[in-house]
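# What the coordinates show
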Amino acid sequence: MLSDKEIFEIILKECKKALKKCEIPICAIITYENKIISKAINRTKNNVLEHAEIIAIKKAFRKLNRKFLNGCKIYVNLEPCIMCSFAIVLSRLSEIVYVLREPKFGGTYSLYQIPSDIRLNHRVVVRKVNYFENEFIELLKLKFQ
């Protein structure tokens, strides 16, 4: 059984790989029944819509071969943006677990609270954790200095 901390250890390793590929160091992992079913890093160098969350959601759909991702959790080092937050709701993931807030684009908590908006037909549990917070901050600083 993978703990949240173990999942974020994997995310940290993947973020380091993303940085080496000159990508923004963001990684998303989706679990189902406590098993990793998809993992992705940002691929926004050539397509601004290829966020880690979107890629991971597409992979999870293929893996489970079903219309919705009920019962799945998404883990990401940076709060999902508005686009990704709404994609998470549309996909009907059950939970978002993230580390860093995103004050410029955050759609989960910072700017909007899309996953918990009662006007939508599905709500997603949102949980902020602090695993490897300083390491994730440093990786983002390296990318944007």
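Placed above this text is the structure.
What comes next is a walk through the structure. (Residues numbered from 1 in each chain as written. Predicted model: local features only at pLDDT ≥ 70, side-chain atom pairs only at ≥ 80, totals over all residues. Heavy atoms only, no water.)

### Some words on the pattern of salt bridges
Opposite charge on two side chains lets them pair, provided their charged atoms get close. Tallied over the full model, the rule gives eight salt bridges. Linking Arg 127 and Asp 4 is a salt bridge whose minimum nitrogen-to-oxygen distance equals 2.6 Å. Separated by 123 residues along the polypeptide, Arg 127 in strand E5 (residues 125-128) and Asp 4 in helix H1 (residues 4-20) bring together distant segments of the chain. Take Arg 127: its relative accessible area is 27%, and that puts it in the partly exposed class. It is possible to trace a salt-bridge network through shared partners that takes in Asp 4, Lys 73, Glu 95 and Arg 127. (Salt bridge = Lys/Arg side-chain N within 4 Å of Asp/Glu carboxyl O. Helix = DSSP H or I, 4+ residues; strand = E, 2+ residues; numbered from the N terminus. Buried < 20%, exposed > 50% of the residue type's maximum accessible area, 1.4 Å probe, protein only.)

### A look at the packing of H1 against helix H4 (residues 133-144)
Viewed as axis vectors pointing N to C, H1 and H4 meet at an angle of 10 degrees, and their least axial separation amounts to 11 Å. Here H1 is positioned roughly parallel relative to H4, judged by the angle of their axes. The residues of H4 that touch H1, namely those facing Phe 8, Ile 11, Leu 12, Cys 15, Lys 16 and Leu 19, are Glu 135, Phe 136, Leu 139, Leu 142 and Lys 143. For the contact of H1 with H4, the class distribution of residues is eight nonpolar, no polar and three charged. (Axes fitted to C-alpha atoms, helices over the stretch in contact; angles between N-to-C directions. Parallel < 35°, antiparallel > 145°, perpendicular 65-115°, else oblique. Contact = heavy atoms within 4.5 Å. Nonpolar A, V, L, I, M, F, W, Y, C, P; charged D, E, K, R; others polar.)

### Focus: the pairing of strand E1 (residues 27-32)
For E1, the tally of buried residues reaches five of six residues, placing the bulk of the element in the interior. Bridge count for E1 against strand E2 (residues 35-41) is six bridges, and the pairing is antiparallel. From the neighbouring strand, Cys 27 faces E2, where its bridge partner is Ile 41. Turn length for the E1-E2 hairpin, with the two strands adjacent in sequence and antiparallel, is two residues, and the turn residue Glu 33 shows positive phi of about 50 degrees. In this sheet, strand E3 (residues 72-78) lies alongside E1 in antiparallel orientation, the contact comprising five bridges. Residue pairing across strands places Ile 30 opposite Ile 74, the latter belonging to E3. (Pairing = 2+ DSSP bridges.)

### Brief notes about a positive patch on the surface
On the surface, Lys 21, Arg 43, Lys 45, Lys 59 and Arg 62 cluster together to form a positively charged patch. When you line up the elements, Lys 59 lands in helix H2 (residues 52-64). Residue class for Lys 59 comes out partly exposed when judged on its relative accessible area of 33%. (Patch = residues over 30% accessible without salt bridge, like charges linked within 9 Å, V, L, I, M, F, W, Y side chains within 5 Å. Areas by Shrake-Rupley, 256 points an atom, 1.4 Å probe, with all protein chains shown as cover. Lys, Arg positive; Asp, Glu negative; His and termini not counted. Charge placed at Lys NZ, Arg CZ, Asp CG, Glu CD.)

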